[in-house]
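Listed here are the chains, written in short residue letters.
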Amino acid sequence: MEYFTSRTVALTYEQAIEKVTDLLKEEGFGVLTEIDVKDTLKKKLDVDFKKYKILGACNPNFAHQALQAEDKIGVMLPCNVIVEENEDGTVEVSAVNPVASMQAVSNNGLQPIAEQVKSNLEKVINNL
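Residues numbered from 1 in each chain as written. Predicted model: local features only at pLDDT ≥ 70, side-chain atom pairs only at ≥ 80, totals over all residues. Heavy atoms only, no water.

1. Some words on the overall build of the protein chain
The helix and strand inventory of the protein chain stands at 5 helices and 5 strands. The order of helices and strands in the protein chain, counted from the N terminus, is β-α-β-α-β-α-β-β-α-α. For 128 residues, the compact-globule estimate of 2.2 N^0.38 gives 14 Å, and the C-alpha radius of gyration of the protein chain, at 15 Å, lies within 12% of that figure. Considering only C-alpha atoms, the protein chain reaches an extent of 40 × 35 × 25 Å along its principal axes. Here the protein chain holds 128 residues, and the buried ones make up 38% of them. Considering only residue pairs separated by 6 or more positions, the protein chain has 68% of its internal contacts joining residues 24 or more positions apart. When the accessible area of the protein chain is evaluated, it comes to approximately 7500 Å², of which 49% is carbon and sulfur surface. Distance between charge centres in the protein chain, computed from 13 positive and 20 negative side chains, equals 3 Å. (Helix = DSSP H or I, 4+ residues; strand = E, 2+ residues; numbered from the N terminus. Rg over C-alpha atoms; globule rule 2.2 N^0.38 Å. Buried < 20%, exposed > 50% of the residue type's maximum accessible area, 1.4 Å probe, protein only. Contact = heavy atoms within 4.5 Å. Areas by Shrake-Rupley, 256 points an atom, 1.4 Å probe, with all protein chains shown as cover. Lys, Arg positive; Asp, Glu negative; His and termini not counted. Charge placed at Lys NZ, Arg CZ, Asp CG, Glu CD.)

As structure tokens, then:
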């Protein structure tokens, strides 16, 4: 099972970030965190890296359901979405597959929640 779903988009890096953020909102997700990996690696290690941003997306309803089913599930939240600019100039957007990550947890109550979150995130990626 793939641990992510991904799509190359006909958008600039900045447009892709804006578009995926808007689509996440349509699916009830907010972006809690943004990590600019390129900037962080330059500041911390003085290395050059491609444009790469991690968006920490969270749907409060699903997060609440998951936390009620398994209180330590917070270690796997939020749902990460990445936007990266490849060497050839193409832009790719990827989202975690929560079904794959939830397999590490022995709690059957999480399965339907993970399936729904997966469906919503796939919809976001497919609508880019």
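2. Observations regarding the pairing of strand 5 (residues 91-96)
Both faces of the sheet carry side chains from a regular strand, because those side chains alternate between them. Extensive coverage of strand 5 is indicated by the burial of 5 of its 6 residues. Judged from the 6 bridges that link them, strand 1 (residues 4-9) and strand 5 form a sheet pairing that is antiparallel. Paired with Thr8 across the bridge in strand 5 is Glu92. In this structure, the hairpin formed by strand 4 (residues 79-85) and strand 5 is closed by a connection of 5 residues, where Gly89 is found at a positive phi of approximately 90°. (Pairing = 2+ DSSP bridges.)

3. Quick look at unusual backbone geometry
When glycine is set aside, most residues are seen to have a negative phi, and most peptide bonds are trans. A cis amide bond links Leu77 to the next residue, Pro78, at an omega of 0°. Topologically, Pro78 is positioned in the loop between helix 3 (60-69) and strand 4. Phi at Asp46 is positive, roughly 55°, even though this residue is not glycine. Relative to the elements of secondary structure, Asp46 occurs in the loop between helix 2 (37-45) and strand 3 (52-58). In this structure Asp46 comes out as exposed when scored by relative accessible area, which is 57%.

4. Overview of the pattern of salt bridges
The final tally for this structure, using the stated rule, is 9 salt bridges. Between Lys51 and Glu14 there is a salt bridge whose closest N-O contact spans 3.5 Å. Taken as a pair, Lys51 in the loop between helix 2 and strand 3 and Glu14 in helix 1 (residues 13-26) lie far apart in primary sequence, 37 residues in all. We classify Glu14 as partly exposed; its relative accessible area is 47%. (Salt bridge = Lys/Arg side-chain N within 4 Å of Asp/Glu carboxyl O.)

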